[in-house]
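One-letter residues, chain by chain:
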Amino acid sequence: MEKIKNYRYLLFILGVLIIYLINLVSPHINPYYFQIIIFAGINIILAVSLNVINGLCGQFSLGHAGFMAVGAYFSSFLTFYYRIPFSLALICGGILAGLIGLGVGIPTLRLRGDYLAIATLGMGEIIRVILFNLDIVGGARGFPGIPKYTNFFWVYLVVLLVLVSSYNLLKSPQGRAILSIREDEIASEAMGVDITRFKIFAFIFGAFWAGIAGGLWAHYLQFLHPSSFTFMKSVEVLVMIVLGGLGSISGVAISAVLLTFLPELLRYVKVIFNTTVDPRMVIYSLLLILTMLLRPQGLLGSYRRKAREQ
Amino acid sequence: MSLLKLEDVTVAFGGLLAVSNFDLTVDDKELLGLIGPNGAGKTTVFNVITGFHIPVKGRITFTNKDITGKSPSYIAKLGISRTFQNIRLFSNLTVLDNVMIAAQLHFNIPYLHTFLRTPLFYKIEEAIEKKALNALELVGLKEVKDEIAKNLPYGDQRKLEIARAIATEPRLILLDEPAAGMNPKETEDLMKMIKFLRDELDLTIILIEHDMKVVMNICERVVVLNYGEIIAEGTPDEIKTKPEVLEAYLGSAAVG
């Protein structure tokens with residue numbers, strides 16, 4: 001037992017070390033590939049965190065872009081105006097997103113299924129509209145001049161942290177309580193699980209990491225605009241977790257990587273066949289449809305959402 | 001000593017009185033049967049005790065604490081556990097996980113220990129697992145602990161529900177038709193198990209059951225409900241001969 005524990009910590013330190021070493025050689029990577037690698041990392045963070053809300057706790061949330069926007073704008077605001085250290089700004093962005101998750105979660109988590117989806121969708125839109133009208137962060141003009149702090153090390157350090165924390169959460173009493181809510185709320189309550197508390201926790205956990213992902217994204221692109229955080233961004237993340245298999249952390253992470261690389265790989269289709277129109281997105285959609293037909297539970301998933309909540 | 005007391009409890013769904021002016025006192029370590037025709041309000045009684053329905057009138061006390069209108073999780077923590085008529089397992093989880101969710105009720109691990117995987121975390125997790133395995137052993141499902149719950153045969157699913165209910169370490173356990181869908185052999189085992197729970201684990205048990213063989217064999221006292229009201233009460237032998245009971249079950253022509 002003692003050995004296993006030490007081994008876990010060692011593995012974590014080794015992971016950080018590898019990320020650090022790759023970071024050292026990252027300036028030599030082709031900038032185009034490098035950008036895709038960064039986006040893949042950010043997408044892993046978004047997908048794994050949404051998976052805790054949707055896949056593990058079974059609460060259908062469509063507000064992930066909203067949480068991401070909060071983290072992106074708030075951390076950029078802090079680094080741009082106050083020159084706060086990047087790590088601290090990221091955490092502040094995450095915490096504010098988590099607080100908004102708490103504020104939204106308390107009234108809306110009484111809703112179930114489709115109703116919760118609509119409420120969270122509305123929340124995402126409200127955040128976007130507020131940002132549109134918030135002059136201090138540029139409003140509709142956008143927010144330029146954000147310092148470029150994001151590098152390979154930061155993104156993949158957070159990836160490591162979100163993977164480890166989700167996994168540790170899943171295999172724990174709290175994780176089992178969260179899973180039991182997905183499986184059967186009534187039985188869960190009868191077994192003494194305080195379902196509201198755990199639903200809100202899952203929501204805050206997801207929102208926090210989404211906020212950090214937003215911060216990383218902002219400090220990579222150096223420019224923010226509210227239109228980046230539409231409902232479609234939430235759907236994009238949702239597609240990743242459904243394809244990867246709701247509830248499966250590894251499946252969701254793999255599908256986040258696949259779905260970041262796939263649209264880029266499909267650019268070659270146009271080159272190879274020398275067509276005038278770009279069939280990239282058509283093939284992309286067809287591949288998604290095919291996967292869902294052949295593996296409705298997702299790539300690595302074993303759990304399938306009930307068609308209708310009873 | 002009375003463990004559970006319902007005084008003048010009334011549950012209404014709109015204009016329908018599912019349970020009306022219901023009085024019931026359950027003694028410590030009693031094995032009480034609750035019977036009645038379909039729709040008599042038996043499950044509603046369970047739901048109101050466990051906090052899933054809030055009574056419009058009346059008072060429920062458990063170990064001298066007022067639990068009227070309290071949340072189901074609070075009531076579970078006080079020591080009332082239950083099974084469900086239409087099995088409600090955590091279907092996609094393993095048998096062991098199903099029981100561990102119940103077994104962790106009285107343990108508390110701070111989130112920090114969970115995320116950092118401290119020695120304390122492993123210690124508590126082991127204790128929870130041990131408790132869950134004990135409960136599984138009691139119902140005879142230890143061998144299938146790694147199966148996914150929904151893949152178990154029907155009879156085993158019922159047993160798993162009982163294991164889950166025991167694992168919360170209750171003082172009072174409410175069994176809602178535990179023998180439904182079981183074959184005679186399984187029913188026989190179930191009766192032994194229920195007796196064991198009462199005699200060896202000192203649990204108080206309230207049992208809803210349609211299988212009269214089970215009720216008549218193991219219950220010490222039987223309460224008969226019809227249209228949300230108690231129509232008879234007594235030992236199994238007394239109940240069998242009461243005209244009100246026969247009427248409720250078979251119709252008035254049978255009595256005359």
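Only a predicted model underlies this, so the values are computations on that prediction, with no experimental measurement involved.

A. Representation of the overall build of chain B. Assigned secondary structure in chain B consists of 11 helices and 10 strands. Taken over C-alpha atoms, the radius of gyration comes to 19 Å for chain B, in line with the 18 Å a tight globule of 256 residues would show. Taken over the C-alpha atoms alone, chain B extends approximately 70 × 40 × 35 Å along its principal axes. Counting only contacts in chain B whose residues sit at least 6 apart along the sequence, the fraction spanning at least 24 positions is 65%.

B. Summary view of the overall build of chain A. A count of helices and strands for chain A gives 13 helices and two strands. The C-alpha atoms of chain A give a radius of gyration of 20 Å, which matches the 19 Å a tight globule of 310 residues would have. In terms of overall dimensions, chain A has C-alpha extents of about 55 × 50 × 50 Å along its principal axes. Sorting the 310 residues of chain A into buried and exposed places 47% on the buried side. Counted over contacts in chain A with a minimum sequence separation of 6, partners at least 24 positions apart contribute 79%.

C. Structural detail: the interface of chain B and chain A. Across the contact, 28 residues belong to chain B and 25 residues belong to chain A. Secondary structure elements with two or more residues in the side of chain B that touches chain A: helix H2 (72-78), helix H3 (95-103), helix H4 (111-116) and helix H5 (119-139) of chain B. Classifying every residue of the side of chain B that touches chain A gives 15 nonpolar, seven polar and six charged.

D. Broad picture of the sheet that holds strand E9 (residues 221-226) of chain B. Residues and elements named next belong to chain B. With mixed pairing, the six strands of this open sheet are ordered in space as E6-E7-E8-E3-E9-E10. In this open sheet, the two strands that pair with only one neighbour each are strand E6 (80-82) and strand E10 (229-234). Shown here is a sheet whose adjacent strand axes are inclined to one another by a mean of 20 degrees, direction ignored. Running at roughly 150 degrees to strand E7 (residues 172-176), helix H1 (residues 42-49) makes contact with strand E3 (31-35), E6, E7, strand E8 (204-208) and E9 of the sheet. On top of the sheet, helix H10 (residues 243-250) reaches E9 and E10; it is set at about 130 degrees to E10, its chief contact.

E. Main features of the domain arrangement of chain B. Residue and element names in this part refer to chain B. According to the domain assignment, chain B consists of domain 1 (1-79 + 170-256) and domain 2 (86-169). Taking the mean C-alpha position of each, domain 1 and domain 2 sit 26 Å from one another. Contact residues are listed per partner, giving 10 residues for domain 1 and 10 residues for domain 2. The set of elements that each furnish at least two residues to the side of domain 1 that touches domain 2 consists of H2 and helix H7 (184-201). Taken together, the residues of the side of domain 1 that touches domain 2 break down into seven nonpolar, one polar and two charged.

F. Main features of the nonpolar core. With 152 residues, the main nonpolar core has Ile45, Ala47, Ala202, Ala213 and Leu216 of chain A together with Val99 and Ala163 of chain B as its most contacted residues. The dominant element in this core, judged by the number of residues it contributes, is helix H9 (residues 195-221) of chain A, at 17 residues. Residue assignment places this core across two domains, with domain 1 (1-79 + 170-256) and domain 2 (86-169) of chain B each supplying three or more.

G. Just the pairing of E7 of chain B, in detail. All names here are of chain B. Counting buried positions along E7 yields five of five residues, so the element is predominantly enclosed. Where burial is concerned, the two faces of E7 agree: the one with Leu172, Leu174 and Asp176 and the one with Ile173 and Leu175 are both buried. Where E6 lies against E7, three bridges are found, and the strand directions are parallel. Considered in E7, the bridge of Ile80 is made with Leu172. Strand direction decides the pairing type here: E7 and E8, joined by five bridges, are parallel.

H. Highlighting H3 of chain B. Most of H3 of chain B sits inside the fold, with nine of its nine residues counted as buried. Within the sequence span of H3 of chain B, burial applies to Val95, Leu96, Asp97, Asn98, Val99, Met100, Ile101, Ala102 and Ala103 of chain B. If you follow the buried residues of H3 of chain B, they end up packed against helix H7 (173-183) of chain A together with H5 and helix H6 (154-167) of chain B.

I. Geometry of the packing of H3 of chain B against H6 of chain B. Residues and elements named next belong to chain B. Relative orientation of the contacting elements H3 and H6 amounts to 30 degrees, with a least axis distance of 7 Å. Taken together, H3 and H6 sit at an angle that is classed as roughly parallel. Considering how the two elements wind past one another, H3 and H6 form a crossing that is right-handed. Between H3 and H6, the residues in contact are Val95, Asn98, Val99, Ala102 and Ala103 and Leu160, Ala163, Arg164 and Ala167, respectively. For the contact of H3 with H6, the per-class residue count stands at seven nonpolar, one polar and one charged.

J. Examining the confidence of the model for chain B more closely. Chain-level pLDDT for chain B is 92 on average; 98% of the residues reach the 70-or-more range. Interface confidence in the predicted complex, given as ipTM, is 0.91; pTM for the same model is 0.91.

K. Seen up close, H5 of chain B. In a regular helix each residue adds 1.5 Å, so 21 residues correspond to 30 Å; H5 of chain B covers 31 Å between its end C-alpha atoms and thus fits that length. Buried within H5 of chain B we find Phe121, Glu125, Ile128, Lys131, Ala132, Ala135, Leu136 and Val139 of chain B. The buried side chains of H5 of chain B occupy one side of the element, clustering within an arc of 140 degrees when seen end-on. Exposed side chains of H5 of chain B directed beyond 90 degrees from the buried face belong to Pro119, Glu126 and Lys130 of chain B. The elements touched by buried residues of H5 of chain B are H7 of chain A together with H3, H4, H6 and H7 of chain B. At the C-terminal side of H5 of chain B, Gly140 of chain B shows a positive phi close to 80 degrees.

Procedures and definitions
- Residues numbered from 1 in each chain as written.
- Chains lettered and ligands numbered in written order.
- Predicted model: local features only at pLDDT ≥ 70, side-chain atom pairs only at ≥ 80, totals over all residues.
- Helix = DSSP H or I, 4+ residues; strand = E, 2+ residues; numbered from the N terminus.
- Rg over C-alpha atoms; globule rule 2.2 N^0.38 Å.
- Contact = placed C-beta atoms within 7 Å.
- Buried ≥ 20, exposed ≤ 12 C-beta atoms within 10 Å, placed from the backbone.
- Nonpolar A, V, L, I, M, F, W, Y, C, P; charged D, E, K, R; others polar.
- Pairing = 2+ DSSP bridges.
- Axes fitted to C-alpha atoms, helices over the stretch in contact; angles between N-to-C directions.
- Domains from an automatic or database assignment.
- Core = buried A, V, L, I, M, F, W, Y, C linked by C-beta atoms within 7 Å.
- Parallel < 35°, antiparallel > 145°, perpendicular 65-115°, else oblique.
- Left-handed = near helix turned anticlockwise from the far one by under 90°.
- pLDDT = per-residue confidence, 0-100.
- Expected span 1.5 Å × (residues − 1).
- Arc of directions from axis to C-beta.

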